[in-house]
Amino acid sequence: MSGTLTLVIGGAASGKSAFAENLIVQSQKTRIYIATARVLDDEMGEKVQRHKDMRGDGWDTFETPLAPETVLRDRSANEAVLLDCATMWLMNHLMDETDRDLAEGNLINALISSEAECVVVTNELGLGIVPADPLSRAFRQAQGELNQQLAAHADRVVNIVAGLPSVLKGTL
């Protein structure tokens, strides 16, 4: 039997990671953190450190920028997994020019078949202006499509705006 899947979606700095972390802590299960960000500059390094400090101790962390399914496969029902975030994961695949359809299929299958309770953080990019350059428009399109797939398979979808949750699917 697989665990539940929650998608936490919102804009940049909306409070989605803090909300998602709290869901994991409230589960009272063993906390697993799957980090997808690559630290390519000082600013990203500082952001990653802020997230680590915010989480605190008590998390088993796996840094997997391309293949979180390798971690998800080995999870059990007494664990709660936070994947933070699907947007950075997608960016990594676009930058590496991998087979996106294959990667998304692997991720979705791992999430829906995992025995653990899974929470995925993702960014909503479609509420702003249309980007001026083709690469940014392609990324926004790919992110929107990924979010739709994740939401379709999720038991619960929560939109975070200004730190406030709004349930789009399921219940809290």
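Residues numbered from 1 in each chain as written. Predicted model: local features only at pLDDT ≥ 70, side-chain atom pairs only at ≥ 80, totals over all residues. Heavy atoms only, no water.

Trainee: I would appreciate a short explanation of the sheet that holds strand E1 (residues 5–10) in the present structure.
Mentor: Within a beta sheet, neighbouring strands are joined by backbone hydrogen bonds and run either parallel or antiparallel to one another. The mixed open sheet is built from 7 strands, whose spatial order is E3-E2-E4-E5-E1-E6-E7. In this open sheet, the two edge strands, each paired with only one partner strand, are strand E3 (59–63) and strand E7 (164–169). Averaged over neighbouring strand pairs, the angle between their axes works out to 20 degrees when direction is ignored. Where E1 meets strand E5 (residues 117–123), 6 bridges bridge the pair, whose relative direction is parallel. (Pairing = 2+ DSSP bridges. Helix = DSSP H or I, 4+ residues; strand = E, 2+ residues; numbered from the N terminus. Axes fitted to C-alpha atoms, helices over the stretch in contact; angles between N-to-C directions.)

Trainee: Help me out: how do you make sense of the environment of His51 in this one?
Mentor: Among the structural elements, His51 can be located in helix H2 (residues 42–55). Residues His51 and Asn123, 72 residues apart in the sequence, show an inter-C-alpha distance of 16 Å. If sequence neighbours within four positions are ignored, His51 has contacts with Ser17, Glu21, Tyr33 and Asp84. (Contact = heavy atoms within 4.5 Å.)

Trainee: Would you mind going over the pairing of strand E6 (residues 156–161) with me for this structure?
Mentor: Residues in a regular strand project their side chains so that they alternate between the two faces of the sheet. Here E1 runs beside E6; their pairing, made up of 5 bridges, is parallel. The residue bridging Val8 from the neighbouring strand is Val158, located in E6. Of the pairings in the sheet, the one linking E6 to E7 comprises 5 bridges and is antiparallel in character. Its bridge partner lying in E7, Asn159 is registered against Ser166. Where E6 hands over to E7, the hairpin turn is made up of 2 residues, of which Ala162 adopts a positive phi near 55 degrees.

Trainee: Help me understand the pattern of salt bridges in this model?
Mentor: Should the charged atoms of two oppositely charged side chains come close, the side chains can pair. For the coordinates displayed, the defined rule picks out 5 salt bridges. Note that Lys29 is salt-bridged to Glu117, the shortest N-O span being 3.8 Å. Of this pair, Lys29 sits in the loop between helix H1 (16–27) and strand E2 (30–35) while Glu117 is found in strand E5, placing the two residues 88 residues apart along the sequence. (Salt bridge = Lys/Arg side-chain N within 4 Å of Asp/Glu carboxyl O.)

Trainee: What is the right way to look at the layout of surface pockets in this model?
Mentor: If you roll a probe as big as a water molecule over the atoms, it shows you where there is empty space left. Approximately 1000 Å³ is the volume found for the largest pocket. Secondary-structure elements contributing two or more residues to the lining of the largest pocket are H1, E2, H2, E3, helix H4 (86–96) and E5. Grouping the amino acids of the lining of the largest pocket by side-chain chemistry returns 18 nonpolar, 9 polar and 11 charged. (1 Å grid on protein atoms, 1.4 Å probe; cavity = no way out; pocket = protein on both sides within 12 Å on 5 of 7 lines; lining within 4 Å. Points joined across faces, edges and corners; volume = space filled by probe spheres on them. Nonpolar A, V, L, I, M, F, W, Y, C, P; charged D, E, K, R; others polar.)

Trainee: What exactly am I supposed to notice about the side chain of Asn92 here?
Mentor: In this structure, Asn92 sits in helix H4. For Asn92, a relative accessible area of 2% corresponds to the buried category. Within the structure, the side chain of Asn92 is placed 2.9 Å from the backbone oxygen of Pro65, a separation counted as a polar contact. Those residues in contact with Asn92, other than ones at most four positions away along the chain, are Thr36, Arg38, Pro65 and Leu66. (Buried < 20%, exposed > 50% of the residue type's maximum accessible area, 1.4 Å probe, protein only. Polar contact = N/O pair within 3.5 Å; in protein donor to acceptor, adjacent residues only side chain to side chain.)

Trainee: Where do I start with the nonpolar core in this structure?
Mentor: Soluble globular proteins tend to pack their nonpolar side chains together in the buried interior. Counting 26 residues, the largest nonpolar core has Leu72, Val81, Leu111, Val120 and Leu150 as the members making the most contacts within it. Elements that contribute at least two residues to this core include exactly E1, E2, helix H3 (69–72), strand E4 (79–84), H4, helix H5 (100–113), E5 and helix H6 (134–153). A total of 5 residues in this core trace back to one element, the largest contributor, which is H5. Leaving out residues up to four positions away in the same chain, Leu150 has contacts with Leu5, Leu7, Ala86, Ile108, Leu111 and Val120. (Core = buried A, V, L, I, M, F, W, Y, C linked by side-chain atoms within 4.5 Å.)

Trainee: Explain the packing of aromatic side chains to me, please; I cannot follow it from the model alone.
Mentor: Two measures describe an aromatic ring pair: the distance that separates the ring centres and the angle between the ring planes. For the structure on display, the rule yields 1 aromatic pair. Measuring from centroid to centroid gives 6.0 Å for Tyr33 and Trp59, while their planes differ by 85 degrees, and the two rings are edge-to-face. Placement of Tyr33 in strand E2 and of Trp59 in strand E3 is noted, with a sequence separation of 26 residues between them. Tyr33 gets classed as buried once you look at its relative accessible area, which sits at 5%. Above the ring of Tyr33, the side-chain terminus of Arg55 is found at 3.5 Å from the ring centroid. (Phe/Tyr/Trp six-rings, centres within 6.5 Å; stacked < 30°, edge-to-face > 60°. Lys NZ or Arg CZ within 6 Å of the ring centre and 35° of its normal.)

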